[in-house]
Amino acid sequence: MPQPPREKWQSDFPRWFDWVIEAAEVYDYGRYPVKGMGVWMPYGFQIRRRVLDILRDILDSTGHEEVLFPLLIPEHLLRKESEHIRGFEGEVYWVTHGGLEELDVKLALRPTSETSITYMESFWIKSYRQLPKKYYQVVSVFRYETKATRPMIRLREVTTFKEAHTVHDSFEDAERQVIEAINAYREFFDRLGIPYIISRRPDWDKFAGALYTIAFDTVMPDGRALQIGTVHLLGQNFTRAFDFKIQLADESLDYPWQTSYGVSDRVIATLISLHGDDRGLVLPPEVAPIQVVIVPIPPGSDEDRLKVLEEAKRLGEDLAKAGVRVKVDDREDERPGAKFYYWETKGVPLRIEVGLKEAKEGFVTIARRDTLEKVKAPRSGAVEAVRKLLGEVKASLEERAREYLKERIMRTTSIDDAREWVESRRGVAELPWCGREECGRRLEEDLNARALGTPWPPEPVKGARCPVCGRDAVTWLRIAKTY
């Protein structure tokens, strides 16, 4: 099946991304007078809302409860867990004044919420009978990002930060929750058609304060890997720091176990990036603010023009009654070609053209945004045809993205081959690894790239040796250029 061109999408991805979020009226970045902060525009906000609706649906169905915590965290609370604050200290925004008055206690703009949520949980939870407890919130977090900022990808205000926090009476139940969180994210990304690899982060790059971190990564059009979701087993580190104990089933007291997991604006950046093409956005139907746009093709006479417009509006009403998000573009000051270009840029999955011939002969012409292919369908079966094509667009986008990621991962035993793959920005290289930190860090240094971690679930290595030390390899280490 023919596909629209993606040369600029891949060869000049940063410029393409900046262009598409502006042209499609998704996100205004760079004009707000604070570095690393952008504005969600109405069309982009609708995409964001529908993405979050999917996530909320998944979390709510698995027993999570939505909460909303304050933005400000007192300094003494943030410093409770020493490893955690060391991991974030250089990124914290501090509030030091209220008006003209200097505050007695410095207040941090939330970089993440493990400390503030653990503090409140210590008042709410007293017994194993209340567990497991699963909370989540969708909030802004603030981090003083010193690297080059990028819209939605590397920000100082992350406006779409979904963080979940759970409490358990045992290590085993916390690990069960890690699996549940991973499966929830699998479903989430699958519904968005976003391909991913799942890795256990190396210990030197896990979340500050966690026992271990599991991460979801994908590969962007420029060949760099992007972390799009993380799951952390926190153990008892934060509950010990807050002296937070509960009564267990045997009536003893102990510190409960915790997990946390999150996604951010990067999900929408990935959705835009992996499905787009040189014409603009290509949106999966489930999150498209408009699933079908109807464009009347006006003939010459006023009588025929009215007939075409009435037919377009009737078709729109039929689709709306069937639950399709539809818009009839009846603007008289724009030519049909300009309308086609406008809606293609916005990524509307299907376009229906209604001209005099269609109105008279009882059929519709439907154009797919993913392939630009046009098909004809009888007017009487237009609703069924639209439903079928929306399903085909969804499946096509998923398959295209899945094949793209598959082509971006190379498994090799050669450092030279891996270096060439990574340096040429072709994606992720997987090398056999003995599991020792010094060898992992040496591979990062040799490839001038970052270790994403090891495959999860673990994949054993047979007959291969670590290319650094020559010992038997126990796993594969994934390495890539990253954001």
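Residues numbered from 1 in each chain as written. Predicted model: local features only at pLDDT ≥ 70, side-chain atom pairs only at ≥ 80, totals over all residues. Heavy atoms only, no water.

Some details on the sheet that holds strand β14 (residues 257-263)
Taken together, the 11 strands give an open sheet; going across it, the order is β3-β7-β8-β14-β11-β10-β9-β22-β23-β21-β20, and neighbouring strands pair in mixed fashion. For this open sheet the edge positions go to β3 (65-66) and β20 (409-411), each flanked by a neighbour on one side alone. One ladder, built from eight bridges, connects strand β10 (residues 212-219) with strand β11 (residues 225-235); its direction is antiparallel. Bridge pairing in β11 links T218 to L226. Across the sheet, helix α6 (residues 114-124) lies against β7 (133-142), β8 (157-168), β11 and β14, angled at about 35° from β8, the strand it touches most. Where helix α15 (residues 437-447) meets the sheet, it contacts β21 (428-433), β22 (450-455) and β23 (475-480), and its direction lies at approximately 145° from that of β21. (Pairing = 2+ DSSP bridges. Helix = DSSP H or I, 4+ residues; strand = E, 2+ residues; numbered from the N terminus. Contact = heavy atoms within 4.5 Å. Axes fitted to C-alpha atoms, helices over the stretch in contact; angles between N-to-C directions.)

Focus on a negative patch on the surface
Together, D330, E332, D333 and E334 make up a region of like negative charge exposed at the surface. You can see D333 is positioned in the loop between β16 (326-328) and α11 (336-345). Relative accessible area serves as the criterion here: at 66%, D333 is assigned to the exposed category. (Patch = residues over 30% accessible without salt bridge, like charges linked within 9 Å, V, L, I, M, F, W, Y side chains within 5 Å. Areas by Shrake-Rupley, 256 points an atom, 1.4 Å probe, with all protein chains shown as cover. Salt bridge = Lys/Arg side-chain N within 4 Å of Asp/Glu carboxyl O. Lys, Arg positive; Asp, Glu negative; His and termini not counted. Charge placed at Lys NZ, Arg CZ, Asp CG, Glu CD. Buried < 20%, exposed > 50% of the residue type's maximum accessible area, 1.4 Å probe, protein only.)

Topic: the nonpolar core
By size, the foremost hydrophobic cluster in this structure holds 74 residues, and its most contacted members are V26, M152, F188, F189 and I272. The residues touching M152, leaving out its near neighbours within four places in the chain, are F17, I21, V26, Y27, W40, D265, R266, I268, A269 and I272. One finds L315, V354, A385 and L390 within the second-largest nonpolar core, a separate group that totals 24 residues. (Core = buried A, V, L, I, M, F, W, Y, C linked by side-chain atoms within 4.5 Å.)

A word on the packing of helix α3 (residues 42-61) against helix α7 (residues 171-192)
The contact between α3 and α7 brings their axes to 10 Å, and the two run at 150°. Relative to α7, α3 is oriented roughly antiparallel. As α3 packs across α7, the resulting crossing turns out to be right-handed. On the side of α3, the interface is formed by V51, I54, L55, D57 and I58, while α7 contributes A184, Y185, E187, F188, R191 and L192. The class makeup of the residues in the contact of α3 with α7 is eight nonpolar, no polar and three charged. (Parallel < 35°, antiparallel > 145°, perpendicular 65-115°, else oblique. Left-handed = near helix turned anticlockwise from the far one by under 90°. Nonpolar A, V, L, I, M, F, W, Y, C, P; charged D, E, K, R; others polar.)

Structural notes on the packing of helix α14 (residues 415-423) against α15
Packed helices, taken two at a time, are described by the angle their axes make and the gap between the axes. At a minimum axis distance of 9 Å, the contact between α14 and α15 shows a crossing angle of 55°. With respect to their mutual orientation, α14 and α15 come out oblique. Here the hand of the crossing between α14 and α15 comes out right-handed. For the pair α14 and α15, the contacting residues are I415, A418, R419, V422 and E423 in the first and L443, D446 and L447 in the second.

Regarding the pairing of strand β6 (residues 101-109)
Here is the key point about a regular strand: its side chains alternate between the two faces of the sheet. The sheet contact formed by strand β4 (residues 72-74) and β6 spans three bridges and is antiparallel. The residue bridging L72 from the neighbouring strand is L109, located in β6. Hairpin connection between strand β5 (residues 93-98) and β6: a loop of two residues separates the two successive antiparallel strands, and G99 in this loop has a positive phi of roughly 65°.

Description of the packing of aromatic side chains
Following the criterion strictly, the structure yields 21 aromatic pairs and no others. Ring centres of Y93 and Y144 lie 5.7 Å apart, and the angle between their planes is 90°; on these two criteria the pair is classed as edge-to-face. Of this pair, Y93 sits in strand β5 while Y144 sits in the loop between β7 and β8, placing them 51 residues apart in sequence. The partly exposed category is assigned to Y93, whose relative accessible area is 22%. For the ring pair W124 and Y135, a centre distance of 5.6 Å and an interplane angle of 70° mean the geometry is edge-to-face. Taken together, the residues span a long stretch of sequence, with W124 in helix α6 and Y135 in strand β7 at a distance of 11 residues. A connected cluster of aromatic rings, assembled from ring pairs, spans Y185, F188, F189, Y196, F216 and Y261. In this arrangement the basic side chain of R200 is found over the ring face of Y212, its NZ or CZ atom lying 4.2 Å from the centre. Looking at R411, its charged tip hangs above the ring of W476, at a distance of 4.3 Å from the centre. (Phe/Tyr/Trp six-rings, centres within 6.5 Å; stacked < 30°, edge-to-face > 60°. Lys NZ or Arg CZ within 6 Å of the ring centre and 35° of its normal.)

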